[in-house]
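# Chains, contacts and geometry: an overview
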Amino acid sequence: MRDKLFIDGKWVAPVKGGHFPVINPATEEIFAHAPAGTAEDIDLAVAAARRAFDSGPWPRMSGTERARYMRAISEKILERKLDLGRLEVMDNGKPLPEAVWDMEDTAGCFAFYAGLAEELDSNSEEAVSLAEPRFSSKVVREPVGVAGAIIPWNYPLLMASWKVAPALAAGCTMVLKPSELTPLTALELAAIAEEVGLPAGVLNIVTGYGADAGQPLSEHPGVDKLAFTGSVPTGSKIMQAAARDIKNVSLELGGKSPFVVFADSDIDKAVEWIMFGIFWNQGQVCSATSRVLVEESIYPRLMERLIAETARISIGNGLDDGILLGPLVSKGQHDKVLAMIGRGLSEGAKVAHGGKRPVGLDRGYFLEPTILTDMDEDNFVWREEIFGPVVCVKPFKDEADAIRMANDSRFGLAAAVMSKDKQRCERVARAFRAGIIWINCSQPTFTEAPWGGYKQSGIGRELGKWGLSNYLEVKQITSFDSDEPWGWYIK
């Protein structure tokens, strides 16, 4: 367990010397203490990143040179994927197979952006055709500068990679602030960066509380670009902070994603994808398809099967074999989800399954996978993101009804549709007002494809070439190539 911050290529104690407890959500026990960074540490980290960008080698390297470091990071993560996965389970609570899968995806993200870094050597410049023959013009893509990244607790190391990897590929330097609930694998990423010889100041990692470290990072005048994944209220504060200096900002925020199931769907396949869409990672997924709309004619049969299969989900410590649902990340999150369920019930929703602590699990932040029904469309649980293993299910009459209900949300991160009619799936996919659409599935995420939402679900896109563009500026360079005088003032 690492008890220091990683700033300017060195492990340093927090300026104020503080630490905070890290709690295993399956046992409620403190198993580590992480360094509590503050504004003073953020100042040091930003200054290190600034030096590394303004006068260090990183942005001046070729993309191919940067890619060598990134591939080395990827390889080290794969070598340590089981240990990193176990640490993530203790930190976050998710089942070990999910955590190991996250580590593999994290390594894949660094490898993917290593490839895009290499491509920058040949495509960072583009000629621009002009109507005026005396001039020539080109566009150059350059790193945006010092990036500040604030990441959530649901996919700690994977979410770090979604920001660190494209930033490094572009030639940026970075200050990363992980969630105080899950700080440990970010510090291990720092150790890996040190091991592969990443130049000092390129990646700086400051753990600490949001008010003490996250806010100073978002407000810091030395940061050129802010990237944040988390809740809408915090995202709004990030935007306000960025507005003061007109900072480049990208936000991946909350969701209340719909999953529309038509009557011609295979019931078993529908139930499998509904469960994967909401119970994976304990439902603590921004894109979780937590609003399920089922065509009326199959609603009773689908609900019967969904309830039966949900009851079979094994719940427990994520380090134990065969567990499919671990605890929620913290007491605060556990209490919040239970309160939301309670509010939904008070407004008329009914519990078809779950809604309480599992029998026999008296310690840990455990919650039964929960199915809610019979709520009105203005019910709190139908409209607000719960961020737990809670799915709300409603019947619909026809395609137009389904699309109306699906789009009636202030969120627009993701949406899913299931039907054997491919033309209908394509038609409904185009009608959804969301940034990520799944057909006959829910939640598959690929590094190559863009990720981000409409409406209050965020600004900008991560992953794929779009994620790299988040960390690149576009510069126009235009040259007057004629020997003729311009002749406007001097005749």
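Scroll up to find the structure this text is about.
Residues numbered from 1 in each chain as written. Predicted model: local features only at pLDDT ≥ 70, side-chain atom pairs only at ≥ 80, totals over all residues. Heavy atoms only, no water.

## Focus on the overall build of the protein chain
Helix and strand counts for the protein chain stand at 15 helices and 22 strands. Principal-axis analysis of the C-alpha atoms places the extent of the protein chain at approximately 85 × 55 × 40 Å. Taking all 491 residues of the protein chain together, the buried fraction comes to 56%. Here the contacts in the protein chain between residues at least 6 apart in sequence split such that 73% fall between residues at least 24 apart. Summing over all exposed atoms, the protein chain offers an accessible surface of approximately 20100 Å²; the carbon and sulfur share of this is 53%. (Helix = DSSP H or I, 4+ residues; strand = E, 2+ residues; numbered from the N terminus. Buried < 20%, exposed > 50% of the residue type's maximum accessible area, 1.4 Å probe, protein only. Contact = heavy atoms within 4.5 Å. Areas by Shrake-Rupley, 256 points an atom, 1.4 Å probe, with all protein chains shown as cover.)

## Focus: the pattern of salt bridges
If you walk through the whole model with that rule in mind, you get 33 salt bridges. In this structure, D8 and R51 form a salt bridge, with 3.1 Å as the shortest nitrogen-oxygen distance. Here D8, found in the loop between β1 (5-7) and β2 (10-12), pairs with R51, found in helix α1 (residues 39-54); they are 43 residues apart in sequence, far enough to count as distant. Note that D335 is salt-bridged to K331, the shortest N-O span being 2.7 Å. Here D335 pairs with K331, and both are found in helix α11 (residues 331-346), just four residues apart, close to one helical turn. One continuous salt-bridge network, built from bridges that share partners, spans D268, R305, E309 and R312. (Salt bridge = Lys/Arg side-chain N within 4 Å of Asp/Glu carboxyl O.)

## Overview of the packing of aromatic side chains
One pass over the full model with this rule turns up 14 aromatic pairs. Summarising the aromatic geometry, the rings of F135 and W486 are spaced 5.8 Å apart at their centres and angled 85° between planes, so their arrangement reads as edge-to-face. Of this pair, F135 sits in strand β6 (residues 135-143) while W486 sits in the segment after β22 (472-480); the two residues are 351 residues apart in sequence, bridging distant segments of the chain. Judged by relative accessible area, which is 52%, W486 ranks as exposed. Residues F262 and F396 carry aromatic rings whose centres are separated by 5.3 Å and whose planes lie at 80° to one another, so their mutual orientation is edge-to-face. Here the residue F262 occupies a position in the loop between β12 (258-261) and α9 (267-279), and F396 occupies one in strand β16 (residues 390-396), the gap between them amounting to 134 residues. Residue F262 shares its accessibility class with F396, and that shared class is buried. The cationic tip of K225 hangs over the ring face of Y471; the distance from NZ or CZ to the ring centre is 5.3 Å. Above the plane of the ring of F262 lies R424, whose end atom (NZ or CZ) is 4.1 Å from the centre. (Phe/Tyr/Trp six-rings, centres within 6.5 Å; stacked < 30°, edge-to-face > 60°. Lys NZ or Arg CZ within 6 Å of the ring centre and 35° of its normal.)

## A few points about the pairing of strand β13 (residues 291-295)
For β13, a buried count of five out of five residues is recorded, marking the element as mostly surrounded by other parts of the structure. Looking at chain direction, β12 and β13 are connected through four bridges and run parallel. Note on β13: the bridge partner recorded for V260 is L293. Of the strand pairs in this sheet, β13 and β16 are connected by five bridges, and their pairing is parallel. In the sheet register, E295 faces β16, and the bridge partner there is F396. (Pairing = 2+ DSSP bridges.)

## Concerning helix α6 (residues 184-195)
Counted at 1.5 Å a residue, the expected span for α6 with its twelve residues is 16 Å, and the 17 Å between its end C-alpha atoms agrees. Of all the twelve residues making up α6, ten are buried; the element is thus mostly covered by neighbouring parts of the structure. Along α6, the residues that are buried comprise L184, T185, A186, L187, E188, L189, A190, A191, I192 and A193. At the C-terminal side of α6, G197 shows a positive phi close to 85°. (Expected span 1.5 Å × (residues − 1).)

## Points about the sheet that holds strand β14 (residues 350-353)
The strand order across the open sheet built from seven strands is β14-β15-β16-β13-β12-β18-β19, with neighbouring strands paired in mixed fashion. Pairing within the sheet leaves two strands with one partner each, and these edge strands are β14 and β19 (436-439). Between one strand axis and the next, the sheet turns by 25° as a mean value, whatever way the strands run. The strands that α9 touches are β12, β13, β15 (370-373), β16 and β18 (414-418); relative to β12, the one it contacts most, it runs at about 175°. Helix α10 (residues 299-311) contacts β12, β13, β14, β15 and β16 of the sheet and is inclined by roughly 155° relative to β15. (Axes fitted to C-alpha atoms, helices over the stretch in contact; angles between N-to-C directions.)

## Some details on helix α5 (residues 156-170)
For α5, with 15 residues, the first-to-last C-alpha span of 22 Å sits near the 21 Å given by 1.5 Å per residue. The sharpest bend along α5 reaches about 25° and sits at W162, with the proline P166 one to four residues further on. (Bend = angle between axes of the 7 residues up to and from the residue.)

## Topic: the nonpolar core
Among the nonpolar cores identified, the biggest contains 88 residues, and Y113, L176, L189, L203, L302, L306 and V393 are the most heavily contacted of them. If you tally residues by element for this core, the top one is α5, at eleven residues. Apart from the residues lying within four places of it in its own chain, the contact partners of L176 are A149, I151, A160, V164, A186, L203, N204, I205 and V206. (Core = buried A, V, L, I, M, F, W, Y, C linked by side-chain atoms within 4.5 Å.)

## Things to note about the side chain of D41
Positionally, D41 belongs in helix α1. Although D41 is buried, it forms no salt bridge, and the closest oppositely charged side chain is K16 at an N-O distance of 8.1 Å. Look past the residues within four positions of D41 in its chain and what remains in contact with it is L5, I7, A13, P14, V15, A36 and V206. (Lys, Arg positive; Asp, Glu negative; His and termini not counted.)

## Quick word on the packing of helix α3 (residues 81-92) against α6
Their axes nearest at 9 Å, the elements α3 and α6 cross at an angle of 155°. It follows from the interaxial angle that α3 and α6 lie roughly antiparallel. Taken together, the residues of α6 that come into contact with α3 (itself represented by L84, L87, E88 and D91) are L184, T185, E188 and I192. Of the residues in the contact of α3 with α6, the class split is four nonpolar, one polar and three charged. (Parallel < 35°, antiparallel > 145°, perpendicular 65-115°, else oblique. Nonpolar A, V, L, I, M, F, W, Y, C, P; charged D, E, K, R; others polar.)

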